[in-house]
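A structural walkthrough
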Amino acid sequence: MPELPEVQTIINELSPIIIGKNLVKIEEFRENTLINQQKISYLGQINTIFRRGKYIIITTDQKLQIIIHLRMTGKLIYTENLTSSSSHMRAHLIFSDHSKLIFDDVRTFGQITIAPLNQQIKSLDILGAEPFSNDFSTEYLWQKFRKRKAPIKNILLNQTIIAGLGNIYVNEILFACQIHPAVPTNSLNKKQIGAIISNTIKILKKAIKYNGTTISDYKRVDNKSGKFQNFLKIYQKTECPKCGNPVSRIKQAGRSTFFCYSCQNNPHKPLKSKNNG
DNA sequence: AAGCTTTCCTGAACGC
DNA sequence: TGCGTTCAGGAAAGCT
């Protein structure tokens, strides 16, 4: 499931391939794949491709933006063979040199929005701080967190607060911070918030370095897998790599949470005064 | 406001 | 063997 590092990997690999190409058309193979599609005869030459949260944004010289969200199972596979196909194709982005990007998506939650560059896109406008930006500061999170009593796990998944985190990385970040996923967000102190910031940046950077995490569906542009799954410490693990105790598993916000009851502070007990790591 | 729940979807894994 | 059930989860809508 593509989160920030997987989306960033796709951007990094697509940039040198598609910038400057002429995007002739986008073919839709399944309804509701293309949103806001207007009657555009020519989409234009690709100017930029960048990421905001988990969204891929492609702009063209025809002052258009193509916004792609892969959700859980979406992939963008580049091929120079116009007749290439895949098992769950939903759309093709076809270039004038007969190469194309295949948008493949088993569970069909992904979407491609085509809109004028100057059109406000609500789902982008509501996004919170980018983890690699200066906005992602202790003061910012402190102001956001103090109003929230929901579990920290849920709040880290909230894209309007931090943009780009998903279930896997939130599990890993909280384990690295030794914070129990169920603690009320407004109970965290500034030191813990600082740990969330530094571990988020550290883990995301390392995940990008290894081209993301392939658990089941995520694939890179060349259909290869990422490698960060080899560095996961808590997600889908059965034994804590730190203390050896069994990993606990609960459900939060409809998603599986993995944590170590021993290493990540129990919300029902007072926080330890000394860091036990 | 914030925080719930529900909905969307398909394939793999599981249970009887 | 085979059929039915459960699970995986990002984001938005609807409701309290």
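As the structure is a computational prediction, the values presented were derived from the model and not from experiment. (Residues numbered from 1 in each chain as written. Chains lettered and ligands numbered in written order. Predicted model: local features only at pLDDT ≥ 70, side-chain atom pairs only at ≥ 80, totals over all residues. Heavy atoms only, no water.)

The strand order across the open sheet formed by nine strands is β2-β9-β5-β4-β3-β1-β7-β8-β6, and the pairing between neighbours is mixed. The sheet is open, and its two edges are formed by β2 (34-35) and β6 (74-79), each paired on a single side. Where strand β1 (residues 22-28) lies against strand β3 (residues 44-52), two bridges are found, and the strand directions are antiparallel. Counterpart to L23 in the pairing with β3 is G44. Helix α1 (residues 4-18) contacts β3, β4 (55-60), β6, β7 (89-95) and β8 (100-105) of the sheet and is inclined by roughly 160 degrees relative to β3. (Pairing = 2+ DSSP bridges. Helix = DSSP H or I, 4+ residues; strand = E, 2+ residues; numbered from the N terminus. Contact = heavy atoms within 4.5 Å. Axes fitted to C-alpha atoms, helices over the stretch in contact; angles between N-to-C directions.)

Around DNA strand C sit 17 residues, and of these M72, Y235, R249, K251 and R255 come closest. Close to the protein, within 4 Å, the atoms of DNA strand C are drawn from sugar and phosphate at a rate of 71%. The separation between a base nitrogen of DNA strand C and a polar side-chain atom of R107 is 2.8 Å. In this structure, N167 approaches DNA strand C through a side-chain N or O atom, which is 3.0 Å from a phosphate oxygen. When residues of the surface near DNA strand C are traced back to their parent elements, those giving at least two are β10 (248-252) and β11 (255-259). Looking at the surface near DNA strand C residue by residue, the classes come out as six nonpolar, five polar and six charged. (Near = heavy atom within 4 Å. Polar contact = N/O pair within 3.5 Å; in protein donor to acceptor, adjacent residues only side chain to side chain. Nonpolar A, V, L, I, M, F, W, Y, C, P; charged D, E, K, R; others polar.)

Moving on, we come to the protein's contact with DNA strand B. Around DNA strand B, a shell composed of R30, H88, V106, R107, T108, F109, K147, R148, K149 and A150 is seen. Restricting the count to atoms of DNA strand B within 4 Å of the protein gives a sugar and phosphate share of 66%. In this structure, a phosphate oxygen belonging to DNA strand B sits 2.8 Å away from a side-chain N or O atom of R148. Here A150 contributes a backbone N or O atom positioned 3.1 Å from a phosphate oxygen of DNA strand B. Its residues placed into classes, the surface near DNA strand B shows three nonpolar, two polar and five charged.

Further remarks concern helix α3 (residues 138-145). Of the positions making up α3, those classed as buried are Y140, L141 and F145. Take α3 and look down its axis: the buried residues cluster within an arc of 120 degrees, on one side only. Buried positions along α3 lie against α4 (152-157) and α6 (190-209). (Buried < 20%, exposed > 50% of the residue type's maximum accessible area, 1.4 Å probe, protein only. Arc of directions from axis to C-beta.)

We now examine the state of the cysteines. This structure, assessed with the given rule, holds zero disulfides. Here C243 is not disulfide-linked; the sulfur of C260 is the nearest cysteine sulfur, at 3.6 Å. When its relative accessible area of 35% is taken as the criterion, C243 is described as partly exposed. C263 takes part in no disulfide bond, and the closest cysteine sulfur to it belongs to C260, at a distance of 3.7 Å. Under the relative-accessibility criterion, C263 is labelled buried at 7%. (Disulfide = S-S within 2.5 Å.)

Before going further, it helps to examine the domain arrangement of chain A. By domain assignment, chain A separates into domain 1 (4-123) and domain 2 (138-259). Distance from the C-alpha centre of domain 1 to the C-alpha centre of domain 2: 28 Å. Contacts between the two partners involve 20 residues from domain 1 and, on the opposite side, 19 residues from domain 2. Surface buried jointly by domain 1 and domain 2 totals about 1600 Å² across both partners, of which 62% is contributed by carbon and sulfur atoms. Looking only at domain 1, the three residues that lose the most surface to domain 2 are P5, E6 and E13, adding up to 31% of its buried area. At the boundary of domain 1 and domain 2, one finds zero salt bridges. For the side of domain 1 that touches domain 2, the secondary structure elements donating two or more residues are α1 and β6. Residue contributions to the side of domain 1 that touches domain 2 peak at 10 residues, all from α1. Looking at the side of domain 1 that touches domain 2, its residues break down into nine nonpolar, five polar and six charged. (Domains from an automatic or database assignment. Buried area = accessible area lost by both parts, 1.4 Å probe. Salt bridge = Lys/Arg side-chain N within 4 Å of Asp/Glu carboxyl O.)

In terms of residue burial, β8 counts as a mostly covered element, since six of its six residues are buried. On β8, burial covers both faces: K100, I102 and D104 on one face and L101, F103 and D105 on the other are all buried. Here six bridges tie β6 to β8, and the two strands are oriented antiparallel to one another. Paired with G74 across the two strands is D105, which belongs to β8. Between β7 and β8, which follow one another and run antiparallel, lie four residues, and H98 among them has a positive phi close to 75 degrees.

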